[in-house]
Amino acid sequence: MRADDRLIKALLKQDKKAFEELYDRYHLLLWKIVAEAEADHRICEQLVTQVFKHVWQKPHEFIGDKRLALLLIECCRAKMKERPRPKPVCGKPIEPQACCG
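Okay, so let's go over this structure. These figures come from a predicted structure and were not determined experimentally. (Residues numbered from 1 in each chain as written. Predicted model: local features only at pLDDT ≥ 70, side-chain atom pairs only at ≥ 80, totals over all residues. Heavy atoms only, no water.)

Another point: the overall build of the protein chain. For the protein chain, the helix and strand inventory stands at four helices and zero strands. When the elements of the protein chain are put in sequence order from the N terminus, they spell out α-α-α-α. Here the protein chain holds 101 residues, and 34% of them are scored as buried. Within the protein chain, residue pairs in contact and separated by at least 24 positions form 52% of the contacts whose partners lie at least 6 positions apart. Just so you have it, the protein chain exposes about 7300 Å², and 55% of that area is on carbon and sulfur atoms. (Helix = DSSP H or I, 4+ residues; strand = E, 2+ residues; numbered from the N terminus. Buried < 20%, exposed > 50% of the residue type's maximum accessible area, 1.4 Å probe, protein only. Contact = heavy atoms within 4.5 Å. Areas by Shrake-Rupley, 256 points an atom, 1.4 Å probe, with all protein chains shown as cover.)

Quick look at the structure:
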């Protein structure tokens with residue numbers, strides 16, 4: 001049995017040690033993915049936290065044919081897309097010379 005399969009089986013039983021191991025193994029990978037798209041470290045941390053919270057609450061969603069790392073990355077990208085984006089201050093579409101000027 002692969003280590004990731006063992007982790008997910010343990011998470012299905014709400015094993016906190018398995019969760020800590022999962023976090024230690026994948027936190028940096030997910031952080032790097034989020035940080036490429038988001039400069040604000042607080043938002044990066046919120047998004048990565050949401051991914052791990054999702055894994056803890058619904059570990060059965062991370063069982064599949066794909067490797068666990070890929071499932072976590074997909075979840076991370078989905079959380080990034082779900083996040084509301086700030087609107088332009090002036091409310092106009094951003095175009096050269098059209099916004100706020």
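Here the narrative resumes, following the displayed structure.
The next subject is the nonpolar core. The biggest cluster of nonpolar side chains holds 27 residues, and the ones touching the most others in it are Leu-22, Leu-30, Phe-62 and Leu-72. For this core, the secondary-structure elements that each account for two or more residues are α1 (3–12), α2 (16–37), α3 (41–57) and α4 (68–82). It is α4 that provides the largest number of residues to this core, a total of eight residues. Dropping the residues within four chain positions of it, Leu-30 is found in contact with Val-48, Val-51, Phe-52, Leu-72, Ile-73 and Cys-76. (Core = buried A, V, L, I, M, F, W, Y, C linked by side-chain atoms within 4.5 Å.)

Turning our attention to the packing of α2 against α4. Running from N to C, α2 and α4 point in directions that differ by 40 degrees, and their axes come no closer than 10 Å. Our classification of the angle between α2 and α4 gives oblique. The handedness of the crossing between α2 and α4 comes out as right-handed. Residue-level contacts link Leu-22, Tyr-26, Leu-29, Leu-30, Ile-33, Val-34 and Ala-37 of α2 to Leu-68, Ala-69, Leu-72, Ile-73, Cys-76, Arg-77 and Met-80 of α4. (Axes fitted to C-alpha atoms, helices over the stretch in contact; angles between N-to-C directions. Parallel < 35°, antiparallel > 145°, perpendicular 65-115°, else oblique. Left-handed = near helix turned anticlockwise from the far one by under 90°.)

Enumeration according to the criterion identifies six salt bridges in this entry. Residue Arg-25 is joined to Glu-21 by a salt bridge in which the shortest nitrogen-to-oxygen separation is 2.8 Å. Here the residue Arg-25 and the residue Glu-21 both occupy positions in helix α2, the gap between them amounting to four residues, near one helical turn. The class of Arg-25 is partly exposed, set by a relative accessible area of 35%. Across the salt bridge formed by Lys-66 and Glu-74, the nearest N and O atoms sit 2.4 Å from each other. Overall, the relative accessible area of 41% leaves Lys-66 in the partly exposed class. A single network of salt bridges, built from pairs that share partners, joins Asp-4, Arg-6, Glu-21 and Arg-25. (Salt bridge = Lys/Arg side-chain N within 4 Å of Asp/Glu carboxyl O.)

Bringing unusual backbone geometry into the picture now. Negative phi is the rule for most residues except glycine; trans is the rule for most peptide bonds. Even without being a glycine, Gln-14 presents a positive backbone phi close to 60 degrees. In this structure, Gln-14 sits in the loop between α1 and α2.

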